[in-house]
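What follows is each chain in one-letter form.
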Amino acid sequence: MKKTFLLIILFAFYSVNAQNETGANPNQKNNEIRLNLIAPLSGAVEVNFERYLNKNSSLGISAFFVYDHTKDEDLNYYISPYYRYYLGKKYASGFFVEGFGMFTSIDGKKIYSPDRLTFTENKDVYDVALGAGLGYKLVTKKGLVFEANAGYGKLLFNADKTDHNVVAKYGLSIGYRF
């Protein structure tokens, strides 16, 4: 685990160094903030921040918090760092692939009564997940960003203490590049 983390850090520094060596445009906007427009439909809010390392890669973090547990009864929140590689010809846009990690809080396993009408819920479960995703990003000349993405991952440590063993990330987001 330590070796993987060290490799990710070294790759990030290498990418930043490579950007400086290629003479990147100093006026290029390298930061972006987005809001997921689908999350409120499930009683949640999701905010993303992304930093571009070069034309084809970026590092980011997303935070998802459920405020209405009547719509999403199992997930409480997650914090998810990610790395993206862009396949488009324009600067950090077009189709992309993503690898992500996730720290999440999920409701515990439900234990049903013999009549299957009522249940007792165990305490919340905290876990880490790893996954991959893909998506598409469109950026306007004024810096407005439109994004569609989907990702799928697997819980690593405490999946047996909850009713789930997978996590999903999906969204239609709008944002601004600065």
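Just above sits the structure.
Residues numbered from 1 in each chain as written. Predicted model: local features only at pLDDT ≥ 70, side-chain atom pairs only at ≥ 80, totals over all residues. Heavy atoms only, no water.

Draft legend 1. How the structure looks around the pattern of salt bridges. Taken as a whole and assessed by the stated rule, the structure comprises 11 salt bridges. The closest approach of N and O atoms between R84 and E50, which form a salt bridge, is 3.2 Å. Here E50 lies in strand β2 (residues 44-52) and R84 lies in strand β4 (residues 75-86), a separation of 34 residues in the sequence. Pair check on accessibility: R84 and E50 agree, each one buried. Between E147 and K137 there is a salt bridge, with the nearest N and O atoms lying 3.5 Å from each other. With E147 in strand β9 (residues 144-155) and K137 in strand β8 (residues 125-139), this residue pair connects regions lying 10 residues apart in the sequence. Judged by relative accessible area, which is 4%, E147 ranks as buried. Exposure remark for K137: the relative accessible area of 1% places this residue in the buried category. Via salt bridges that share partners, E32, R34, E50, R84, E98, K137, E147, K169 and R177 belong to a single interconnected network. (Salt bridge = Lys/Arg side-chain N within 4 Å of Asp/Glu carboxyl O. Helix = DSSP H or I, 4+ residues; strand = E, 2+ residues; numbered from the N terminus. Buried < 20%, exposed > 50% of the residue type's maximum accessible area, 1.4 Å probe, protein only.)

Draft legend 2. Spatial organisation of the environment of G99. Inspection of the secondary structure puts G99 in strand β5 (residues 94-106). The sequence separation of G99 and P81 amounts to 18 residues, and the corresponding C-alpha distance is 8.8 Å.

Draft legend 3. Highlighting the nonpolar core. Of all hydrophobic cores here, the largest spans 13 residues; its most connected members are F64, M102 and V167. Those elements that place two or more of their residues in this core are β3 (57-66), β4 and β5. Not counting chain neighbours up to four residues away, the residues in contact with M102 comprise Y78, I79, S80, D127, V128, A129, V167 and K169. In terms of nonpolar packing, the next biggest core, distinct from the first, is built from 5 residues, Y52, Y91, A92 and F96 among them. (Core = buried A, V, L, I, M, F, W, Y, C linked by side-chain atoms within 4.5 Å. Contact = heavy atoms within 4.5 Å.)

Draft legend 4. Local environment of the sheet that holds strand β1 (residues 31-36). Spatially, the 8 strands close up into a barrel ordered β1-β2-β3-β4-β5-β8-β9-β10, and their pairing is antiparallel. Averaged over neighbouring strand pairs, the angle between their axes works out to 25° when direction is ignored. Strand direction decides the pairing type here: β5 and β8, joined by 13 bridges, are antiparallel. Bridge pairing in β8 links I106 to V125. (Pairing = 2+ DSSP bridges. Axes fitted to C-alpha atoms, helices over the stretch in contact; angles between N-to-C directions.)

Draft legend 5. Inspection of the packing of aromatic side chains at higher detail. Using the criterion set out here, one finds 7 aromatic pairs in the structure. Ring plane angle 45° and centroid distance 6.4 Å describe the contact between Y77 and F103, whose orientation is recorded as tilted. You can see Y77 sitting in strand β4 and its partner F103 sitting in strand β5, a full 26 residues away along the chain. F103 sits in the partly exposed class, given a relative accessible area of 37%. Summarising the aromatic geometry, the rings of F103 and Y126 are spaced 6.2 Å apart at their centres and angled 5° between planes, so their arrangement reads as stacked. Of this pair, F103 sits in strand β5 while Y126 sits in strand β8, placing them 23 residues apart in sequence. For Y126, a relative accessible area of 44% gives the class partly exposed. Put simply, the rings of Y52, Y86, Y91 and F96 pair up and form one aromatic cluster. (Phe/Tyr/Trp six-rings, centres within 6.5 Å; stacked < 30°, edge-to-face > 60°.)

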